[in-house]
Amino acid sequence: MELIDNLKNVEENIAKACEKAGRNRDEITLIAVSKTKPVEMLQTIYDQNIRDFGENKVQEMCDKIEVLPDDIRWHMIGHLQTNKVKYIVGKTALIHSVDSLHLAKEIEKQAAKKDVTVSILVEVNIAEEESKFGIRKEETMELIRQIAELPHLHIEGLMTIAPFVENPEDNREYFRQIRQLSVDIKAQNIDNVSMDILSMGMTGDYMVAIEEGATMVRVGTGIFGERNYNI
Ligand SMILES: *Cc1c(COP(=O)(O)O)cnc(C)c1O
């Protein structure tokens, strides 16, 4: 079956990148990015022992959570509007896309109400692309210090969406920069901040990202095929 072959292919590539970088496969979590895809396809991948799925829309994620198995770890990887936060707090394993204090405070408010702790990543716009969300590299440390004060949030690391490039080597330098930034932040030993997760690398560049230290790769097209947004 095509989906299963795709997944095998991705797993082989991850293994190759790990070997090249001298890393263990278990240091890396593969997130199957299932946005726009029907639950039947997610179930097929779930049956291959994948438990981490990424979605970028709140409504779509909530609908899928309703019908798919309870042991899935759901990753919110898309830009999050504050008025939608209440629908996902308590349901996500990790929110990858926190890029403002305003958003963090809303997550704090909803988490306090539900008496849960929410794990988050801070999204960095490493290439400073106009079209992308995320905070600038230079502002990241300050934002992290502010978010660290919020008792119901736990900052686990950084996330970035690298530029769309033909040649993944073109993103290597960005991955290095993010990795260095996370090392620098970790060295500050801020309470409530761990920096153990680096979420970087998508279908076009996850092998390079792994070589440069990614601990989570977010692969959509490589597993599920092209997305059609017109349906
Ligand atoms: C869609 C998406 C992905 C997956 O992209 P592919 O190129 O299909 O692998 C990864 N991360 C984020 C934040 C996304 O929105």
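Each chain has its residues counted from 1, running along the sequence as written. Only residues with pLDDT of 70 or above have their local features reported here, since the model is predicted, and side-chain atom pairs are shown and tallied only from 80 upward, although totals for entire chains, interfaces and linings are computed over all residues. Only hydrogens and water are set aside; all other atoms, that is, all heavy atoms of the structure, feed into the side-chain values.

Asker: How should the packing of aromatic side chains be read in this particular structure?
Answerer: Aromatic ring pairs are described here by two measures, namely the spacing of the ring centres and the angle between the planes. Ring geometry is summarised as follows: Phe, Tyr and Trp rings, the Trp one being its six-membered ring, pair when their centres sit within 6.5 Å, and such pairs are stacked at plane angles under 30 degrees, edge-to-face over 60 and tilted between the two. Counted under the stated rule, the structure contains 1 aromatic pair. Between the aromatic rings of Phe53 and Trp74, the centroid separation amounts to 6.0 Å while the plane-to-plane angle is 40°, which identifies the pairing as tilted. With Phe53 in strand E2 (residues 52–55) and Trp74 in strand E3 (residues 73–76), the pair connects residues that are 21 residues apart, well separated along the chain. In this analysis the charged atom, NZ for Lys or CZ for Arg, is taken to sit over a ring once it is within 6 Å of the ring centre and within 35 degrees of the ring normal. Over the ring of Tyr46 we find Arg51; its NZ or CZ atom is 3.5 Å from the centre of that ring. Working definition: helices are DSSP H or I runs of at least four residues, strands are E runs of at least two. Numbering for both runs from the N terminus.

Asker: How should I be thinking about a positive patch on the surface in this particular structure?
Answerer: Residues enter a patch when their relative accessible area is above 30% and they make no salt bridge; the linking distance is 9 Å between like charges and 5 Å between nonpolar side chains (Val, Leu, Ile, Met, Phe, Trp, Tyr). Throughout, the Shrake-Rupley method with a 1.4 Å probe supplies accessible areas, and for residues the shown protein chains are the sole cover considered. Here, a salt bridge means any side-chain nitrogen of Lys or Arg that lies within 4 Å of a carboxyl oxygen of Asp or Glu. Only four residue types enter the tally: Lys and Arg on the positive side, Asp and Glu on the negative side, with His and both chain ends excluded. Charged groups are reduced to one reference atom each: NZ for lysine, CZ for arginine, CG for aspartic acid, CD for glutamic acid. A surface patch of positive charge is lined by Lys86, Lys91, Lys113 and Lys114. Within the element layout of this structure, Lys114 appears in helix H5 (residues 101–114).

Asker: I keep staring at helix H3 (residues 58–67) and nothing clicks. Help me out?
Answerer: The periodicity of an α-helix, 3.6 residues per turn, causes residues three or four positions apart to be oriented the same way. Each residue gets one of three labels from its accessible area relative to the maximum for its type: buried under 20%, exposed over 50%, partly exposed in between, using a 1.4 Å probe on protein chains only. For H3, the set of buried residues is Val58, Met61, Cys62 and Lys64. Buried residues of H3 fall within an arc of 165° about the axis and therefore sit on the same side. Opposite the buried face of H3, at more than 90 degrees from it, the exposed residues are Gln59, Glu66 and Val67. For this analysis, residues touch if any pair of their heavy atoms sits within 4.5 Å. The inward-facing, buried residues of H3 contact helix H2 (39–46), E2, E3 and helix H4 (85–88). This arc is built from the directions going out from the helix axis to the C-beta atoms.

Asker: Just to check I follow, could you spell out the side chain of Asp52 for this structure?
Answerer: With respect to the secondary-structure elements, Asp52 resides in strand E2. Owing to a relative accessible area of 7%, Asp52 belongs among the buried residues under this scheme. Polar contacts, as used here, are pairs of N or O atoms within 3.5 Å; protein pairs need one atom able to donate a hydrogen and one able to accept it. Residues neighboring in sequence count only if both atoms are side-chain atoms. Reaching out from Asp52, the side chain makes a polar contact with the side chain of Arg73 at a distance of 2.8 Å. Engagement of the side chain of Asp52 in a polar contact is seen with the side chain of His75, the distance being 2.8 Å.

Asker: Explain the site of the ligand here, please?
Answerer: Residues are classed as near a molecule or strand on a simple rule: at least one heavy atom within 4 Å of it. The local shell around the ligand consists of Val33, Lys35, Ile77, Met159, Ile161, Met202, Thr203, Arg218, Val219, Gly220, Thr221 and Arg227. Contact with the protein chains covers 89% of the free accessible surface of the ligand, which is 390 Å². Both cavities and pockets are sets of points on a 1 Å grid over the protein atoms alone; in a cavity a 1.4 Å probe fits but cannot get out, in a pocket the set is open with protein on both sides within 12 Å along at least five of seven lines, and lining residues sit with an atom within 4 Å of a point. Here the criterion for a molecule occupying a pocket or cavity is that more than half of its atoms lie within 2 Å of the pocket grid points. The pocket occupied by the ligand, as judged from atoms lying within 2 Å of grid points, is the largest pocket.

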